[in-house]
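# Summary of the model geometry
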Amino acid sequence: MSENILKKPESFYDDFQRKPGADTLTTHYCPGCAHGVLHKLVAEALDDLGVREKTIFISPVGCSVFAYYYFHTGNVQAAHGRASAVATAVKRAHPDSIVISYQGDGDLAGIGGNNILQAANRGENFTTIFVNNAIYGMTGGQMAPTTLIGQKTTTTPRGRAFENEGYPMRVSELLATLDAPSYIERVMIGDPKYTMKARKAIRKAIKAQIEGKGFSLVEALSACPSGWKMTPVEAKNWVQEEMTKIFPLGVTRDKIAEIEGKVHNRNGNGRKPLSDKELVKTLDIPEAETSTIYPLPEVEDRYKHSEIKIAGFGGQGVLSLGVALSQMGMIHQYHVSWLPSYGPEMRGGTAHCHVKLDHEPIGAPLIENPTILVAMNKPSMDKFEPNVVEGGDVFYNSSLIDEPPSRTDVNAIPVNATEIADELGNTKAANIVMLGGIIAKTGILELEAVVNEMHQLIKKKQYVDLNVKAVKAGFEAVQSMSP
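Summary of the structure given here.

Parameters and conventions
Residues numbered from 1 in each chain as written. Predicted model: local features only at pLDDT ≥ 70, side-chain atom pairs only at ≥ 80, totals over all residues. Heavy atoms only, no water. Helix = DSSP H or I, 4+ residues; strand = E, 2+ residues; numbered from the N terminus. Buried < 20%, exposed > 50% of the residue type's maximum accessible area, 1.4 Å probe, protein only. Contact = heavy atoms within 4.5 Å. Areas by Shrake-Rupley, 256 points an atom, 1.4 Å probe, with all protein chains shown as cover. Lys, Arg positive; Asp, Glu negative; His and termini not counted. Charge placed at Lys NZ, Arg CZ, Asp CG, Glu CD. Pairing = 2+ DSSP bridges. Salt bridge = Lys/Arg side-chain N within 4 Å of Asp/Glu carboxyl O. Phe/Tyr/Trp six-rings, centres within 6.5 Å; stacked < 30°, edge-to-face > 60°. Polar contact = N/O pair within 3.5 Å; in protein donor to acceptor, adjacent residues only side chain to side chain. Axes fitted to C-alpha atoms, helices over the stretch in contact; angles between N-to-C directions. Nonpolar A, V, L, I, M, F, W, Y, C, P; charged D, E, K, R; others polar. Core = buried A, V, L, I, M, F, W, Y, C linked by side-chain atoms within 4.5 Å.

### What about the overall build of the protein chain?
- In terms of helices and strands, the protein chain carries 17 helices and 13 strands.
- Principal axes of the C-alpha set define a box for the protein chain whose edges measure 75 × 60 × 55 Å.
- Of all 483 residues assigned to the protein chain, the portion counted as buried reaches 48%.
- Long-range contacts, defined here as pairs at least 24 residues apart, represent 65% of the contacts in the protein chain between residues at least 6 apart.
- Of the roughly 23900 Å² that the protein chain leaves accessible, carbon and sulfur atoms contribute 53%.
- With 50 positive and 55 negative side-chain charges, the protein chain shows a separation of 8 Å between the mean positions of the two kinds.

### With respect to helix 2 (residues 83–93)
- Buried residues of helix 2: Ala-83, Ser-84, Ala-87, Thr-88, Val-90 and Lys-91, and no others.
- In this structure, the buried side of helix 2 is in contact with strand 1 (55–59), strand 3 (98–104), helix 3 (105–111), helix 4 (113–122) and helix 7 (192–210).

### Side note on the pairing of strand 6 (residues 216–221)
- Across the six residues that make up strand 6, a large majority, six, are buried.
- Residues of strand 6 alternate between two faces, with Ser-216, Val-218 and Ala-220 on one and Leu-217, Glu-219 and Leu-221 on the opposite face, all of them buried.
- Summarising the sheet, strand 5 (residues 183–188) and strand 6 pair through six bridges and their orientation is parallel. Directly across from Val-187, in strand 6, lies its bridge partner Ala-220.

### Some words on the pattern of salt bridges
- Taken as a whole and judged by the stated rule, the model has 20 salt bridges.
- Between Arg-186 and Glu-173 there is a salt bridge, and its shortest N-O distance comes to 2.7 Å. In this pair, Arg-186 sits in strand 5 while Glu-173 sits in helix 6 (residues 171–176), placing the two residues 13 residues apart along the sequence.
- Since its relative accessible area comes to 25%, Glu-173 is described here as partly exposed.
- Members of the salt-bridge network, linked through shared partners, are Lys-40, Glu-44 and Arg-199.

### Digging into the packing of aromatic side chains
- Tallied over the full model, the rule gives 13 aromatic pairs.
- The interplanar angle of 20° and the centroid separation of 4.2 Å between the aromatic rings of Phe-57 and Phe-71 together place this pair among those described as stacked. Here Phe-57, found in strand 1, pairs with Phe-71, found in the loop between strand 1 and strand 2 (74–77); they are 14 residues apart in sequence, far enough to count as distant.
- For Phe-71, a relative accessible area of 0% gives the class buried.

### Here we look at the side chain of Ser-11
- As for its placement among the helices and strands, Ser-11 is situated in the segment before helix 1 (35–49).
- At 3.5 Å, the side chain of Ser-11 forms a polar contact with the backbone oxygen of Ala-43.
- The contact partners of Ser-11, leaving out residues within four places of it in the chain, are Ala-43, Leu-46, Asp-47, Arg-52, Tyr-70, Phe-71, His-72 and Thr-73.

### Topic: the sheet that holds strand 6
- Taken in spatial order, the seven strands line up as 2-1-3-4-6-5-7 in an open sheet, and their pairing is mixed. Lying at the two open borders of the sheet, with one neighbouring strand each, are strand 2 and strand 7 (250–254). The mean angle between the axes of side-by-side strands here comes to 15°, regardless of whether they run parallel or antiparallel.
- Relative to strand 7, strand 5 runs antiparallel, the two being bridged by four bridges.

### Thoughts on the packing of helix 2 against helix 4
- It is at 8 Å that the axes of helix 2 and helix 4 come closest, and there the two elements cross at 35°. Where helix 2 approaches helix 4, its residues Ser-84, Ala-85, Thr-88 and Arg-92 are matched on the opposing element by Asn-115, Ile-116, Ala-119 and Arg-122.
- Residues that form the contact of helix 2 with helix 4 fall into these classes: three nonpolar, three polar and two charged.

### A few points about the nonpolar core
- Leu-325, Val-374, Leu-435 and Ile-444 are the most contacted members of the largest nonpolar core, which has 48 residues in total.
- Looking at this core element by element, the count peaks at eight residues for helix 17 (residues 464–479).

### Concerning the side chain of Ser-84
- With respect to the element layout, Ser-84 can be found in helix 2.
- At 3.2 Å, the side chain of Ser-84 and the side chain of Gln-103 are in polar contact.
- Beyond its immediate sequence surroundings of up to four residues, Ser-84 is in contact with Ser-101, Gln-103, Asn-115, Ile-116, Ala-119 and Phe-126.

As structure tokens, this is what we get:
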């Protein structure tokens, strides 16, 4: 007896907790957008093929950049146009994983045009879901390589003209001329019969990857009512009535049956993997200066998994302080990660970076709730203080922040960093003053070791002595506060 079960695929999170805002049950996509349907088709395929646990989803810039809100898989975000390159690296590093590169037309056919061409030509064994809505949807409705002749966009307000902008690019047909791809099909999201064909194509493409048949791609013609300034119904009809004239549906390449499985497994190409020594010799890499290795410091349990967020204005040495902590952490035998942020806040607001110093291997470099916050200016304090874990440490530059943290469940450590650096003769040393303060409070690094290895942090020799004084001054300033 059959039973109907209505629920989300397991490849989706039950509750989209990663999505900002109060509504964690629905996606952020516009009404009539096809992304939600395509996500569902991919998620159901991963469930039914039993590969969710080993799937890694690649989402570059575009409306689907936040796919990690929804997919309960491994997730990697890629720079605009670089999803194919990232997918290549991920698949080669983890050949047993299932890699899905999910890209829009502006990303894939425009900025990443060469990336997808080269990946397909190499027959990389991953699957691309190519969402073609004939426009740059997220970034303002500009013309994409797939924009139709006569179609009006924000950059072609009089309509695309082949004399000025060329013809729409048929990516599937272009890639189908290559020898390596195993499977390429164009589908559309619209009426149920078309959606069911899209469902079948997506499953076939992923199954080809599972069998090691090499590169596969499904192009999905999709509506963008917001970008096209149409109602959802008008947009759906326009896909079927106009887009399919230029982008006919159907299979453009299917060599799955002709390709022997696993031939694209990069570990099976007959080349013996190189040892570390052989790799260094092959690449003719000169031997690096050997660093002194220091013992892992004895610290309180709460500092054995330090997650540090450092924030301030651009120019305050925020990223450099993160590098200093990371580099000194490595010679103290910590597991280390350093993740800089190059967001729009770099244009005048706060800049920040994430540093992890851990006694155990690190799974991911991103920090949502730091155990240690270093705030070099007040906007940084205001922005990140709420995220610090209960009982965490908040180091703040009391030269520029005149009020301590408002929370009473964190440890507030004022460090007069800018003033001390000024007294030493260079304001830019404030970040190293703060480093000394962190060492004094937490003990996660040995002061003597940092002093001895300062020449590794400061490349200009004339500033080494200044920074040695700075780290000692910061250390003494915080140590003097101890009861």
